[in-house]
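Descriptive analysis of the structure
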Amino acid sequence: LASTNGRQSPAINAARLKLAAATGDHATVEQWLAQNNPEATPRLMADMFFLAYNNGKTGLATIIAEHFHAKENSTLSRTCLAQAYVKGGHYEHAAQLLRDVSPRTPDDESSYLLALAKLSPTNETYRKELADYAGTRLRSDMPRKEKMALVYALITAKQVEPAMPY
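Presented here is an overview of the structure given in this document. (Residues numbered from 1 in each chain as written. Predicted model: local features only at pLDDT ≥ 70, side-chain atom pairs only at ≥ 80, totals over all residues. Heavy atoms only, no water.)

Details of helix α9 (residues 144-156)
Between its first and last C-alpha atoms α9 spans 18 Å; for 13 residues at 1.5 Å apiece the expected length is 18 Å, and the two agree. Looking at α9, one finds that the buried residues are Leu150, Val151, Ala153 and Leu154. Seen from one end, α9 has its buried residues packed into an arc of 160°, which puts them on one side. Exposed side chains of α9 directed beyond 90 degrees from the buried face belong to Arg144, Lys145 and Tyr152. Looking one or two residues past α9, Lys158 carries a phi angle of roughly 60°, positive in sign. (Helix = DSSP H or I, 4+ residues; strand = E, 2+ residues; numbered from the N terminus. Expected span 1.5 Å × (residues − 1). Buried < 20%, exposed > 50% of the residue type's maximum accessible area, 1.4 Å probe, protein only. Arc of directions from axis to C-beta.)

This is the structure:
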């Protein structure tokens, strides 16, 4: 990417990649990701993801998150990927990614609930999954505000029975 006196500068390359992610420069980011570069540290990948995500470059953020998660299967990479899937409307991917994760981070819980809530009105399997998930969560010790979000999601999905005691 960038050179100084014929040598690569990791700091300059990182800055260019961050700028490319923030501005939605797919070609630059995807070319770099395809090289499976050793400079692709978790920190740089997370920075690139958040720059793309926070600047409304959801498609590019998803690509970065997929590479990040494939390279570094961590809580942070999973959370980034789930958020990108949800923001991009890929609710099934988010639900599948988060279904068997335990424990989930608060961000993962939000993404999982949103994915199930979006999928449940048109899919019986996801309606049941939402009812099971929410029923279990409602019986746990959680803040009232979070319980109300679960109850609302259940009512919206026409899964009133698990919500009734709350």
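Description of the environment of Phe50
By the element assignment, Phe50 lies in helix α3 (residues 42-54). Owing to a relative accessible area of 31%, Phe50 belongs among the partly exposed residues under this scheme. Along the backbone, Phe50 and Ala21 are 29 residues apart, and their C-alpha atoms lie at a distance of 8.6 Å. Those residues within four positions of Phe50 in sequence are excluded, and the remaining contacts are Leu76, Cys80 and Gln83. (Contact = heavy atoms within 4.5 Å.)

Remarks on the side chain of Arg104
When you line up the elements, Arg104 lands in the loop between α6 (91-98) and α7 (106-119). Of the polar contacts made by the side chain of Arg104, one reaches the backbone oxygen of Leu98; its length is 3.0 Å. At 3.0 Å, the side chain of Arg104 and the backbone oxygen of Arg99 are in polar contact. Apart from the residues within four sequence positions on either side, Arg104 is in contact with Leu98, Arg99, Glu109, Tyr112 and Tyr133. (Polar contact = N/O pair within 3.5 Å; in protein donor to acceptor, adjacent residues only side chain to side chain.)

Thoughts on the nonpolar core
The biggest cluster of nonpolar side chains holds 47 residues, and the ones touching the most others in it are Val29, Trp32, Met48, Phe49 and Ile64. Among the elements that make up this core, the one with the highest residue count is α3 (seven residues). Excluding residues that lie within four positions of it along the chain, Met48 makes contacts with Leu17, Lys18, Ala21, Val29, Trp32 and Ile64. (Core = buried A, V, L, I, M, F, W, Y, C linked by side-chain atoms within 4.5 Å.)

Considerations on the packing of helix α5 (residues 75-87) against α6
It is at 7 Å that the axes of α5 and α6 come closest, and there the two elements cross at 155°. Our classification of the angle between α5 and α6 gives roughly antiparallel. At the point where α5 passes α6, the crossing takes the left-handed sense. Contacts between α5 and α6 pair Arg78, Leu81, Ala82, Tyr85 and Val86 from the former with Tyr91, His93, Ala94, Leu97 and Leu98 from the latter. Class assignment for the residues of the contact of α5 with α6 results in eight nonpolar, one polar and one charged. (Axes fitted to C-alpha atoms, helices over the stretch in contact; angles between N-to-C directions. Parallel < 35°, antiparallel > 145°, perpendicular 65-115°, else oblique. Left-handed = near helix turned anticlockwise from the far one by under 90°. Nonpolar A, V, L, I, M, F, W, Y, C, P; charged D, E, K, R; others polar.)

Focus: the packing of helix α1 (residues 10-23) against α3
Where α1 contacts α3, the two axes come as close as 7 Å, and the packing angle between them is 30°. As summarised for this structure, α1 and α3 are arranged roughly parallel, according to the angle between their axes. Crossing geometry of α1 relative to α3 is assigned as right-handed. Here Ala14, Leu17, Lys18, Ala21 and Ala22 of α1 lie close against α3, whose contacting residues are Leu44, Asp47, Met48, Leu51 and Ala52. Across the contact of α1 with α3, the residue classes tally to eight nonpolar, no polar and two charged.

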